[in-house]
Amino acid sequence: MGPEATAAFYEHLIELTPARRDQDHLTVIIYSEPGIPDRTEYLVADGPSPLPELVRVARTVEKAGAELIAIPCNTAHYFWEAISQAVEIPVLNIIDETVSSVEEAFESGLDARRPRIGVMSTMGTARMGLYENALRAKGLDVVPVSESFQQGVMRIITEVKAGNDRAQSETFFRSAVTAMTEQGAEGVILGCTELGLARGKGECPVPIFDSLKILAEATVKAALGVG
């Protein structure tokens, strides 16, 4: 769906796999299908449903021999249950994996207080409350965002997808993280797989939970039977 995010996901898989030679790496089938209708357009603007294509692609990789599916797109997880039911193999859930990582990071303080978490995501993911609902179910508070802030995050995502000046995207990214910390965020979830590509190398004032890398970690663990 997002070709550059898909490529970054595979790079994470390679880096996270404990391999010393080619033969130690995972066997991976990558089906990059950018023609799947825009998920946010469907959720907020009455665009065509991406579900038929999502199901077709999942079944295609299953028939090709896949034993586990990872979808490096957060907004597509609005359809996670329907995709999971359409195949016989496990489909990892990027929302659940990311929220579990946040919960683990703040575990020592959950009994005494409710840490506040910021979420940067597409308009579709935000409108459907994919992260908000999952975080609150774990006893974590969510920093509310304004419409203008959400539009700013969409601007970052659009800039990355368009292959525009990455330095400018990084500036927008850091401004967004700063705005969230000023509202009390103690950690920020990158709830769109393009956002990590705009982060750059600089330090951030709070922990950043990159859903793309977290999904890659979960994929390696599941594939190797760890955890």
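Please refer to the structure placed before this passage.
Residues numbered from 1 in each chain as written. Predicted model: local features only at pLDDT ≥ 70, side-chain atom pairs only at ≥ 80, totals over all residues. Heavy atoms only, no water.

It is worth spelling out the overall build of the protein chain at this point. On a plain count of helices and strands, the protein chain comes out with ten helices and four strands. Mapped from its N terminus to its C terminus, the protein chain presents α and β elements in the order α-α-α-α-α-β-α-α-β-α-α-β-β-α. Relative to the compact-globule value of 17 Å for 227 residues, the protein chain shows a C-alpha radius of gyration of 17 Å, a close match. The principal-axis extents of the C-alpha atoms in the protein chain amount to approximately 50 × 40 × 35 Å. Out of the 227 residues belonging to the protein chain, those deemed buried represent 47%. When contacts within the protein chain are restricted to residue pairs at least 6 apart in sequence, those whose partners lie at least 24 apart make up 70%. Split by element, the accessible area of the protein chain, about 11,400 Å² in all, is 48% carbon and sulfur. For the protein chain, the separation between the mean place of its 20 positive charges and that of its 32 negative charges on side chains is 1 Å. (Helix = DSSP H or I, 4+ residues; strand = E, 2+ residues; numbered from the N terminus. Rg over C-alpha atoms; globule rule 2.2 N^0.38 Å. Buried < 20%, exposed > 50% of the residue type's maximum accessible area, 1.4 Å probe, protein only. Contact = heavy atoms within 4.5 Å. Areas by Shrake-Rupley, 256 points an atom, 1.4 Å probe, with all protein chains shown as cover. Lys, Arg positive; Asp, Glu negative; His and termini not counted. Charge placed at Lys NZ, Arg CZ, Asp CG, Glu CD.)

It is worth spelling out the pattern of salt bridges at this point. Tallied over the entire structure, the rule returns eight salt bridges. A salt bridge links E147 to R127, with the shortest nitrogen-to-oxygen separation between them at 3.7 Å. With E147 in helix α8 (residues 147–162) and R127 in helix α6 (residues 123–127), this residue pair connects regions lying 20 residues apart in the sequence. Bridged by salt links that share partners, the residues E33, E53 and R56 form one connected network. (Salt bridge = Lys/Arg side-chain N within 4 Å of Asp/Glu carboxyl O.)

In a regular helix each residue adds 1.5 Å, so 14 residues correspond to 20 Å; helix α1 (residues 3–16) covers 20 Å between its end C-alpha atoms and thus fits that length. Taken as a whole, α1 has its buried residues at A5, T6, A8, F9, H12 and L13. One face of α1 carries all of its buried residues, which in axial projection span an arc of 160°. Those residues of α1 that are buried are in contact with α10 (211–224). (Expected span 1.5 Å × (residues − 1). Arc of directions from axis to C-beta.)

Structurally, T193 can be placed in the loop between β3 (187–191) and β4 (208–210). The class for T193 is buried, based on a relative accessible area of 3%. In terms of polar contacts, T193 uses its side chain to reach the backbone carbonyl oxygen of P72, at 2.9 Å. With near-sequence residues (within four places) excluded, T193 lies in contact with A5, P72, C73, N74, I94, S211 and L212. (Polar contact = N/O pair within 3.5 Å; in protein donor to acceptor, adjacent residues only side chain to side chain.)

Contact geometry for helix α5 (residues 94–105) and α10: axes closest at 9 Å, N-to-C directions at 95°. Regarding the angle of α5 to α10, the classification is roughly perpendicular. In contact with I94, E97, T98 and S101 of α5, α10 contributes S211, L212, I214, L215 and A218. Grouping the constituent residues of the contact of α5 with α10 by class yields five nonpolar, three polar and one charged. (Axes fitted to C-alpha atoms, helices over the stretch in contact; angles between N-to-C directions. Parallel < 35°, antiparallel > 145°, perpendicular 65-115°, else oblique. Nonpolar A, V, L, I, M, F, W, Y, C, P; charged D, E, K, R; others polar.)

Counted according to the given criterion, the structure contains three aromatic pairs. Between Y78 and F79, the ring centres sit 5.1 Å apart and the planes meet at 90°, which makes this aromatic pair edge-to-face. Every member of this aromatic cluster is reached through a ring pair, and the members are Y42, Y78 and F79. (Phe/Tyr/Trp six-rings, centres within 6.5 Å; stacked < 30°, edge-to-face > 60°.)

Here we take up the pairing of strand β1 (residues 116–121). Of all the six residues making up β1, five are buried; the element is thus mostly covered by neighbouring parts of the structure. Examined bridge by bridge, β1 and strand β2 (residues 141–142) share two bridges and lie parallel to one another. If you follow I117 over to β2, its bridge partner there is V142. Pairing analysis gives five bridges linking β1 to β3, with the strands arranged parallel. When the bridges of β3 are listed, V119 appears paired with I189. (Pairing = 2+ DSSP bridges.)

Glancing now at the packing of α5 against helix α7 (residues 130–137). With their axes 10 Å apart at the nearest point, α5 and α7 run at an angle of 45° to one another. When the axis of α5 is compared with that of α7, the two are oblique. Here α5 runs over α7; the crossing is right-handed. On α7, the residues touching I94, I95, T98, V99 and V102 of α5 are L130, Y131, A134 and L135. (Left-handed = near helix turned anticlockwise from the far one by under 90°.)

With that settled, consider the side chain of T75. With respect to the helices and strands, T75 occurs in the loop between α3 (51–63) and α4 (80–86). In terms of polar contacts, T75 uses its side chain to reach the side chain of T122, at 2.7 Å. If sequence neighbours within four positions are ignored, T75 has contacts with R39, T40, L43, T122, G124, T125 and L130.

We now examine α7. Taken together, the buried positions of α7 are L130, Y131, E132, A134 and L135. Each element contacted by the buried residues of α7 is listed here: α5, β1, α6, β2, β3 and α10. The first or second residue beyond α7 is G139, which carries a positive phi of 80°.

Coordinates in, geometry out; function isn't part of it.
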